[in-house]
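# Working through the structure, step by step
Each chain is listed here by its residues.
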Amino acid sequence: MSDAVSVERARGLALPRFLTADSPVPWLLPITAMLTVFGLYPLGYSIWLSLHKRNVLTRQLDFAGGYQWVKAFSDARMWGALETTLLYTFVALALQLVLGILIALLLDTDRRGYGVLRAMMTLPLVVPPAVTGMMFLLMQDGSFGVLSFYLYALDLVSPARPLLTQPHTALIAVMLADIWQWTPFMVLIMLAGLRSLPKDPFEAAAIDGASAVQTFFRLTLPMLRKVIAVAVLIRGVDLFRIYDYVYIITAGGPGTATETLSFYAGRIYFTGDFPYAATLSLIVLIVLIVVSNIFVRVFKVRF
Amino acid sequence: MSLKDHDKKTFIVDACNDFTAKRLTKRDFMRRMAMAGVGFSAFNAGLLGGGRKRGGLLGLGPDEAQAQDADMLKWLADVGKPYAGTKIRYTSEATPPSIVANQLVAGEFTKATGIEVEVEIVPLEQVLAKATQDVQGQLGTYDLYYLDQSWMATFSQDVIDPREYYDQNKELAMPGFDWDDFSKPLVDGIAMYNGKQCGIPFDIPIFILMYRKDLFDKHNIAVPKDLDEYLKVVQQMTEAEKGNGIFGTACQAKSGHYSLECDWTFALWGHGGSIFNKDKMFVGNDEQGVTGLKFYQELVKNSPPSATTWTWDGQGQALTQGAAAMAITWGEDFPGFDANDSKVKGLFEALPAPKEVPGRRAAADCGFNEIPAVGHQGGSAIALSQYSKNKEAAWLFMQWVCSKDVMARVSTLGGGASPMRNSSFTDPRVKEKAVVGPGTTRHFDAIKWTIDNQMGSEPDMPIWADLSNNDIPVELGKLLTGQDYNGDAKACLDAIGKIVDGKVADAGLR
Amino acid sequence: MEPTFFQKRLRDVVAVIVVAIFMFPIAWWALSSIKPYSAIFDRSGPVYVDFTPTPDNYRVTLLGVSRVQIGMEQGGDAAGVIKGGANSYDSRQSLADSAIIAVGSTIVTLFLATLAAYCLSRMQFVGQQSFLFWILSQRFMPPIAMVIPIVFMFRDLGLRDTYLGLILVHTLINLPLAVLLLKSFFDDVPREIDEAAMIDGATRAQTFYKIVLPMVKGGIAAAAVLCFIFSWTEFLLSLFLTTEIRTVPVKISTFVTSTATEWGYITALGTSAIVPSFIFILLVQRHLVRGLTLGSLKD
């Protein structure tokens, strides 16, 4: 209220209104400048690249209009990568969400020792993803990986077909690393949500004789809606862009079973076809913008 | 350079000379070096001889270890004076020549010339990525490039012909460099593209046969003479030793990795096939090609299951740990078998690979300078960048690291990495190490013969890096892991053909 | 319904098991860093305690002992030891590089983000939600797509392979989350406080700096920790934008050589890299939990 009033009164001052500390401009200028330079420029350059074609003989970039885009959309491998990425995103997200909620419920109590447990639970988050990838690579190795040993012992996997060599199981292997590292993230968010819930409705439900399951589905979950929405948004975006784990654990293999869109773009980038790599990256970007926009509207996420 | 610096450099070089000529004891030498502010790592100090073991750290006599070419160092010191203080960089794979160069450069080259060298050692894919990035923007971040032979076409316009540079810059030309000393097949196979020499051959991993003599003797198996016999022996060995956890062979069949492409070309060429024909069309899917791939599928079946996730280092590790009885692969692995912590020390022998069946396709029938032969080579060259801001300093380093003396020592110090120069093969230091033990050179005969007689080279064309990394090994991977093609070799090769032909046409190369 | 004694104990057991499962990979990793290679690569089964621990991996990576010397100590030949290797395994410089960049980018991020977050929290203006979405969408760009343009830009600006360059890039990536996070903390501070201060004669800037900012210390701590962790663990851009500066993740990746993957040094450096971040997290854990919801708890 007072802001609106002061806007009116300040008109006519010597110093332009928008430069004083009462206007958003100076506060937001540094960050806008930073994001424009470092955010808009790469975006613009990528778009520019995607409209060109690399001439291998002269190494010039010739204008090519929609050539790369047509190529991308008719590239079966691109669609395969997109499919793999979507599969990966949805499955990992669902698992992380469910596990996150369950573990948060488990650890949400003030009893002694649980503080330590919660602190330990955050440890996976601080491991560099590059290291996580190597951790799981070591554990999943077919000949001497500890995880492989357990799987063989439990007869879930045969030693003749180790986890990382089969197209069907390789994606699971990569997901394991992601789930291990990021479920704690979900746990933390859910814990925050749980702790901020008001006590009264739960007491009322207890008095009414509701079971734990009923309480959970009818009360807890709906009240956590917003928290879940934000968590899903952030994690979903990161999962879709996944690169590090794939690079280290399987390098897109076996075949193309774990080749995500970002990884495919990376391959193309490494061998020098920058325009096509830029195009593929833009596809990732577009998908993310579209889907997250829809998501924000549907779930009414406000920041 | 100030007078003081000049004196210091002279002092250092003189001390080196005195030490080499045995006018100084090691202790006095070290003391003088310390006075001049020159430190020695334990390694370099050990190189000077007089270590705990007899004959110095490396089993070399004090004479050999100290035979750093004093004349060359003096020349370098003179010529390098104006460039002291510059820093040159290059990025390389962790192959022995670069590693050893890295160890020696501070104590020798930098001390003599004042030029610092920063070697960025990273996995091969990153080397390619960084070089690609550098030339795209002509950044000049790297003064020298370590270029795999399969990238020569891609980078040929970014490098300077070393022979031309040598002839044009007489004042910087190292005396006694001896261009003819370089193995001609290596120069042709690695460093030439379209008549231009792009660099100096630097390392030569090449396919030879390495096998467990003890296991062969145990089962009374004769060394196979051609690839048909080889396959039979592999299968026989798997049958016999599977119970002991030993497979017939080990492949580097990682899906989507260049290593799989290397294995495939060896199988392809070994059965009379080729990748391209005279008309630059893909013919890897013809009759010989299909036979070759079926052969390879059998090899993979006789490898440990994780072979489809291994590149050359996984394969090497498997052999060193005794998980496989033989392999036709990079000779570079061989010294590792004799390492002190190896389970198979002294048990491996090396021979040129068994002959092609039914024979080789003539190089004249192939496109893009492809040379089919069973000894697949993956050599690399060191090249001078057009965009370097320190060309002269980089050129001095390049000559030093490729000089007769340094290359001979690289062969012995670098754990038995195969030489580029004919003189290195006959150098007494190298011959002395032809015994069982770390850094062995007893496989050099096999390597030399292979270089001279059955060296196979991949096609030279600008998009080869793309095809051999992103397309061919990915489709092959799908076949070998069962993701697609249902085990049908021909279907897979046909698919590869479509992709390759399409890309070649698209790039205007046909 | 008060949970029974049995139910409570059951919950405890399950909680401990779950946390133990999550701790296992790290424990295994740290264990591997003191194992000799024979214990890591034993193909007959996992080796838990049946080995003699060796400090060699740490000696090489953290204490700068040369591999060659270790080889000599083991009675081996230096030549055999050199068969594979990165530039050097001495990682102390890497740890320092990573620390400088992480701390630097955290400071810059916090500076920019607190200004923006305060403004977004206090001043409503048209298009605010869209502006926020734009900030968040910076995160959508796959890092791969950013590499080439930024490499060119940096070369022209002379920022390539500098601490400043990498700090700026990390800041760019950290900003979205930092702004959102801090805004939610600022939202928690009632507007009345601002108004009271300004009625008292303080300018907007003074209100921000002297009154409100100190009240969100917890939030700033949480944001700082997240920024630090992200920068400390970032891989792709650090790989392409540096040559001499080697952050820890990049350094670890160089331990995969053409002749072998040096698991010993990888596990040692990896374990060392976890320690600083974990300490930070412990210190600010309370605030971290609260802040991660990004204000969505408010309706």
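Residues numbered from 1 in each chain as written. Chains lettered and ligands numbered in written order. Predicted model: local features only at pLDDT ≥ 70, side-chain atom pairs only at ≥ 80, totals over all residues. Heavy atoms only, no water.

Glancing now at the overall build of chain C. From N to C terminus, chain C includes 15 helices and zero strands. Classification of the 299 residues of chain C by burial places 62% in the buried group. Sequence separation of at least 24 residues holds for 74% of the intrachain contacts in chain C that already meet a minimum separation of 6. Total accessible area on chain C stands at roughly 11,400 Å², and carbon and sulfur atoms take up 67% of it. (Helix = DSSP H or I, 4+ residues; strand = E, 2+ residues; numbered from the N terminus. Buried < 20%, exposed > 50% of the residue type's maximum accessible area, 1.4 Å probe, protein only. Contact = heavy atoms within 4.5 Å. Areas by Shrake-Rupley, 256 points an atom, 1.4 Å probe, with all protein chains shown as cover.)

With that settled, consider the overall build of chain B. Looking only at helices and strands, one finds 23 helices and 14 strands in chain B. With 510 residues in all, chain B has 66% of them scored as buried. In chain B, of all internal contacts separated by at least 6 residues, the share reaching a separation of at least 24 is 74%. Surface accessibility of chain B: about 17,100 Å² in total, with carbon and sulfur atoms responsible for 49%.

What follows covers empty space enclosed by the protein. To locate leftover empty space, one rolls a probe as large as a water molecule over the atoms. Taken as a whole, this structure holds 16 cavities of 30 Å³ or more when the rule is applied. Space inside the largest cavity adds up to approximately 220 Å³. Lining the largest cavity are 18 residues, with Arg54, Arg59, Thr271 and Gly272 of chain A together with Thr154 of chain B sitting closest to its centre. Broken down by secondary-structure element, the contributors of at least two residues to the lining of the largest cavity are α7 (124-136), α8 (152-155) and α22 (464-480) of chain B. The greatest single-element share of the lining of the largest cavity, amounting to four residues, is contributed by α7 of chain B. (1 Å grid on protein atoms, 1.4 Å probe; cavity = no way out; pocket = protein on both sides within 12 Å on 5 of 7 lines; lining within 4 Å. Points joined across faces, edges and corners; volume = space filled by probe spheres on them.)

Residues and elements named next belong to chain C. Taken as a whole, chain C is organised into domain 1 (5-79) and domain 2 (92-293). Each partner contributes residues to the interface: domain 1 has 16 residues there, and domain 2 has 15 residues. Note on domain 1 versus domain 2: buried area summed over both sides is about 1,400 Å², and carbon and sulfur give 66% of it. Together, Trp29, Thr61 and Leu62 form the three largest contributors to the area buried by domain 1 at its contact with domain 2, with a combined 41%. Remark: the boundary between domain 1 and domain 2 carries zero salt bridges. The interface formed by domain 1 and domain 2 contains one residue pair in polar contact (both at pLDDT 80 or more). Elements supplying a minimum of two residues to the side of domain 1 that touches domain 2: α1 (5-32), α2 (37-40) and α3 (56-62). A total of five residues in the side of domain 1 that touches domain 2 trace back to one element, the largest contributor, which is α3. In terms of residue class, the side of domain 1 that touches domain 2 is made up of ten nonpolar, five polar and one charged. (Domains from an automatic or database assignment. Buried area = accessible area lost by both parts, 1.4 Å probe. Salt bridge = Lys/Arg side-chain N within 4 Å of Asp/Glu carboxyl O. Polar contact = N/O pair within 3.5 Å; in protein donor to acceptor, adjacent residues only side chain to side chain. Nonpolar A, V, L, I, M, F, W, Y, C, P; charged D, E, K, R; others polar.)

Take the nonpolar core next. Residues Met135 and Tyr269 of chain A together with Val179 and Phe186 of chain C are the most contacted members of the largest nonpolar core, which totals 191 residues. Tallying contributions element by element places helix α9 (residues 163-188) of chain C first for this core, with 15 residues. Split by domain, the residues of this core number at least three in each of domain 1 (5-79) and domain 2 (92-293) of chain C. Leaving out residues up to four positions away in the same chain, Phe186 of chain C has contacts with Thr114, Ala117, Tyr118, Ser121, Arg122, Phe208, Val212, Leu213 and Val216 of chain C. By size, the runner-up hydrophobic cluster in this structure holds 153 residues, among which are Tyr146, Leu209, Val233 and Phe368 of chain B. (Core = buried A, V, L, I, M, F, W, Y, C linked by side-chain atoms within 4.5 Å.)

With that out of the way, let us pick up the confidence of the model for chain B. Parts of the prediction with low pLDDT should not have their coordinates interpreted in detail. Residues at a pLDDT of 70 or more form 86% of chain B, whose mean pLDDT is 83. Under a pLDDT of 50 for its full length, residues 36-67 of chain B has, in the predicted model, 62 contacts with residues more than four places off or in other chains. (pLDDT = per-residue confidence, 0-100.)

Evaluation of the coordinates by the stated rule reveals 37 salt bridges over all chains. Residue Glu259 of chain A is joined to Arg267 of chain A by a salt bridge in which the shortest nitrogen-to-oxygen separation is 3.5 Å. Judged on exposure class, the residue Glu259 of chain A and its partner Arg267 of chain A are both buried. Arg510 of chain B serves as the salt-bridge partner of Asp501 of chain B, at 3.5 Å between the closest nitrogen and oxygen. Given a relative accessible area of 45%, Arg510 of chain B falls into the partly exposed group. A single network of salt bridges, built from pairs that share partners, joins Arg77, Glu259 and Arg267 of chain A together with Asp466, Asp471 and Lys503 of chain B.

A few words now on the interface of chain B and chain A. Residue-level contacts link 37 residues of chain B with 33 residues of chain A. At the boundary of chain B with chain A, total buried surface from both sides reaches about 2,700 Å², with 50% on carbon and sulfur atoms. Together, Gln136, Asn470 and Gln483 of chain B form the three largest contributors to the area buried by chain B at its contact with chain A, with a combined 19%. Connecting chain B to chain A are two salt bridges. As a salt-bridge pair, Arg77 of chain A and Asp471 of chain B come within 3.7 Å of each other at their nearest N and O atoms. In this assembly, chain B and chain A are joined by eleven residue pairs in polar contact (both at pLDDT 80 or more). Going through the elements one at a time, α7, α8 and α22 of chain B are the ones with two or more residues in the side of chain B that touches chain A.

As a further point, take unusual backbone geometry. The omega torsion of the bond from Val357 of chain B to Pro358 of chain B falls at 0 degrees, within 30 degrees of zero and hence cis. For Pro358 of chain B, the position within the fold is in the loop between β11 (348-351) and β12 (375-376). One non-glycine residue, Ala251 of chain A, lies in the positive phi region at around 50 degrees. Along the polypeptide, Ala251 of chain A turns up in the loop between α12 (244-249) and α13 (261-270). By relative accessible area, which is 15% here, Ala251 of chain A ends up buried. Phi at Phe368 of chain B takes a positive value of approximately 60 degrees, unusual for a residue other than glycine. Counting through the fold element by element, Phe368 of chain B comes out in the loop between β11 and β12. Here Phe368 of chain B falls in the buried class, since its relative accessible area comes to 11%.

Contacts between the two partners involve 97 residues from chain A, matched on the other side by 98 residues from chain C. Of the roughly 8,800 Å² buried at the junction of chain A and chain C (both faces included), carbon and sulfur atoms supply 79%. Our count for the chain A to chain C interface comes out at two salt bridges. In this assembly, chain A and chain C are joined by eight residue pairs in polar contact (both at pLDDT 80 or more). Of the residues assigned to the side of chain A that touches chain C, the class counts are 70 nonpolar, 17 polar and ten charged.

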